[in-house]
Amino acid sequence: MMPPKNAIEDFMTGADEAPVPAGEPLAEAAVDEEEVSLELTDADYRYLTLRRTVRRGGEKIARIRVRPVMLEDIDDWSNAEISNRELLARLCEVPPAVLKKLAWDDAEALMEIFHQVVPEFVFAAAKDDA
């Protein structure tokens, strides 16, 4: 059984949004998502230097960079479009297959960072991460 959401979680996950009836114009001008981006600097990211490197094709991965969570990420997770692992992969900007190849101590260190950057309610909800 999932714990009840509070008003902040409802807002952050879009649960408080009423759908716009078909044929009605949106209140704001529609903006192509390609035109909207979050500007981040190096200071906004968390970094993990791996104890054991991972190879992806010809690329050697020795460090993983974790970007901040965006509301879009939480929406996709909340709508069951992505699992916790896919959310982590998205934040690290690597495919889930790379995460699966991490040595356990590196994976554990990465999970500590994940728990620091993701809202607590993500971990409180039961999800299928297969």
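Residues numbered from 1 in each chain as written. Predicted model: local features only at pLDDT ≥ 70, side-chain atom pairs only at ≥ 80, totals over all residues. Heavy atoms only, no water.

Participant: Can you tell me about the overall build of the protein chain, naming the residues and giving the values?
Facilitator: Check the secondary structure of the protein chain and you find 6 helices and 2 strands. Secondary structure elements of the protein chain, listed N to C terminal, follow the sequence α-β-β-α-α-α-α-α. Counting every position in the protein chain, which comprises 130 residues, the buried fraction comes to 28%. A sequence separation of at least 24 residues applies to 57% of the contacts in the protein chain between residues at least 6 apart. (Helix = DSSP H or I, 4+ residues; strand = E, 2+ residues; numbered from the N terminus. Buried < 20%, exposed > 50% of the residue type's maximum accessible area, 1.4 Å probe, protein only. Contact = heavy atoms within 4.5 Å.)

Participant: Could you give an account of the side chain of Arg67, with specific residues and numbers?
Facilitator: With respect to the helices and strands, the residue Arg67 is situated in the loop between β2 (59–66) and α2 (71–78). Engagement of the side chain of Arg67 in a polar contact is seen with the side chain of Asp73, the distance being 2.8 Å. The contact partners of Arg67, leaving out residues within four places of it in the chain, are Leu40, Tyr45, Asp73, Arg90, Leu91 and Glu93. (Polar contact = N/O pair within 3.5 Å; in protein donor to acceptor, adjacent residues only side chain to side chain.)

Participant: Provide a residue-level description of the packing of α2 against helix α3 (residues 84–92), including the pertinent values.
Facilitator: One way to put it is that α2 packs onto α3 with a least axis distance of 10 Å and a crossing angle of 160 degrees. Comparing their axes, α3 and α2 come out roughly antiparallel. The element α2 and its partner α3 pack so that their crossing is right-handed. Residues Glu72, Asp73, Asp76 and Trp77 of α2 touch α3, and the partners they reach there are Asn84, Leu87, Arg90 and Leu91. Class assignment for the residues of the contact of α2 with α3 results in 3 nonpolar, 1 polar and 4 charged. (Axes fitted to C-alpha atoms, helices over the stretch in contact; angles between N-to-C directions. Parallel < 35°, antiparallel > 145°, perpendicular 65-115°, else oblique. Left-handed = near helix turned anticlockwise from the far one by under 90°. Nonpolar A, V, L, I, M, F, W, Y, C, P; charged D, E, K, R; others polar.)

Participant: How would you explain helix α5 (residues 104–117) if you had to name every residue and give the values?
Facilitator: Over its 14 residues, α5 runs 20 Å from end to end, which matches the ideal 20 Å to within 8%, given 1.5 Å per residue. Looking only at α5, the buried set comprises Asp106, Ala107, Leu110, Ile113, Phe114 and Val117. Buried residues in α5, looked at end-on, bunch into an arc of 120 degrees, giving them a common side. Of the residues in α5, the exposed ones pointing more than 90 degrees away from the buried face are Trp104, Glu112 and Gln116. Among the structural elements, β1 (46–56), β2, α3, α4 (96–100) and α6 (120–124) are those in contact with the buried residues of α5. (Expected span 1.5 Å × (residues − 1). Arc of directions from axis to C-beta.)

Participant: Describe unusual backbone geometry, and please don't skip the residues or the numbers.
Facilitator: We note that Ala80 has phi near 60 degrees; this positive angle belongs to a residue other than glycine. Take Ala80: it is sitting in the loop between α2 and α3. Among the residues examined, Ala80 registers a relative accessible area of 59% and is labelled exposed. You will see that Glu93, though not glycine, has its phi angle at about 55 degrees, which is positive. Residue position: Glu93 is located in the loop between α3 and α4. Owing to a relative accessible area of 45%, Glu93 belongs among the partly exposed residues under this scheme.

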